[in-house]
Amino acid sequence: MAWTVKPSATTKIERRDEPWLTEEMKAHYTETYIPRYATRMGALMPICHDVQHRYGWISAQAMEEMAEFLGIASADVRDTVTFYEDFHTSPTGTNVIAVCQSITCEACGHQAILDHVRNKLGVEVHETTKDGAFTLLALECLGSCDTAPCALVNNHRYDNLTIEGVDRIISDLSRR
Ligand code: FES
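Note that the structure is predicted; figures quoted are calculated from it, not measured. (Residues numbered from 1 in each chain as written. Predicted model: local features only at pLDDT ≥ 70, side-chain atom pairs only at ≥ 80, totals over all residues.)

**Q** I keep staring at the overall build of the protein and nothing clicks. Help me out?
**A** A count of helices and strands for the protein gives seven helices and four strands. Dimensions along the principal axes, computed over C-alpha positions, put the protein at roughly 50 × 35 × 35 Å. Taken over 176 residues, the protein has a buried fraction of 23%. Within the protein, counting contacts between residues at least 6 apart in sequence, those at least 24 apart form 60% of the total. (Helix = DSSP H or I, 4+ residues; strand = E, 2+ residues; numbered from the N terminus. Buried ≥ 20, exposed ≤ 12 C-beta atoms within 10 Å, placed from the backbone. Contact = placed C-beta atoms within 7 Å.)

Next comes the structure, spelled out in structure tokens:
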């Protein structure tokens, strides 16, 4: 998790006319998710996953629409979305490279991997390349400390990473 300081009270929310939560999505949530939980708030996580899956990210407007649909505060939705690294609050590139930065990976050379990717792609962590091909992230423990250093690339975990291995991954993805 990353703590970020932001001027929430004065931040302008970009809006579009078309809703992010379509009638079809709301019907699906009402039929599938809501009945599973004792409160409507309980359905927030699966809805976050669904919105993330459909759009690749969760906009502020989508968070408001989710809050309205569930009858909860927008702040609760935002707290949830920004707490979990799985959810993105801005569009990502076609490929997402997320290097683990927790203690075991740190001890096993994550910084060299991260620096190499930064230099190779010309972006900092949380940035996307100009062509929209790659987003670079740094995540906390991926639960595979015995194979450190590791990274998630498009949600697939790569273990025992080396500079050469990262180069291969990037060039494979660049060819697609
Ligand atoms: S510290 Fe990287 S996988 Fe656990």
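**Q** Would you explain the sheet that holds strand β3 (residues 151-153) in this entry?
**A** In a beta sheet, neighbouring strands pair by backbone hydrogen bonds and run either parallel or antiparallel. A sheet is described by the order of its strands in space; here four strands give the open sequence β2-β1-β3-β4, paired in mixed fashion. Taken across any chain shown, the strands that pair with only one partner, and hence form the sheet edges, are β2 (134-139) and β4 (156-158). Neighbour to neighbour, the strand axes of the sheet diverge by 25° on average, direction disregarded. Note that strand β1 (residues 95-100) and β3 share three bridges and pair antiparallel. Looking across to β3, one finds that V99 is bridged to A151. Relative to β1, helix α6 (residues 110-121) is tilted by about 155°, and along the sheet it contacts β1 and β2. (Pairing = 2+ DSSP bridges. Axes fitted to C-alpha atoms, helices over the stretch in contact; angles between N-to-C directions.)

**Q** I'm lost on the nonpolar core in this one. Help?
**A** Most often, soluble globular proteins have nonpolar side chains that are buried together. If you look at the biggest cluster of nonpolar residues, it comprises 20 residues, and the most contacted ones within it are I97, V99, V117, C150 and A151. Discounting chain neighbours no more than four positions away, the residues touching A151 are I97, A98, V99, C100, Y158 and L161. In this structure, Y29, M63, M66 and V77 belong to the second largest nonpolar core, which totals 14 residues. (Core = buried A, V, L, I, M, F, W, Y, C linked by C-beta atoms within 7 Å.)

**Q** What is the right way to look at the domain arrangement of the protein in this model?
**A** For an interface, size is often stated in terms of accessible area lost upon the parts coming together. When its domains are assigned, the protein resolves into domain 1 (23-83) and domain 2 (95-175). Computed over C-alpha atoms only, the centres of domain 1 and domain 2 are separated by 29 Å. (Domains from an automatic or database assignment.)

**Q** I tried to follow unusual backbone geometry on my own but got confused; where do I start?
**A** Most peptide bonds adopt trans geometry, and most residues besides glycine take a negative phi value. With an omega of 0°, the peptide bond between A148 and P149 qualifies as cis. Relative to the assigned elements, P149 resides in the loop between β2 and β3. Despite not being glycine, N154 shows a phi value in the positive range, around 50°. Mapped onto the elements, N154 comes out in the loop between β3 and β4. One non-glycine residue, N160, adopts positive backbone phi at about 45°.

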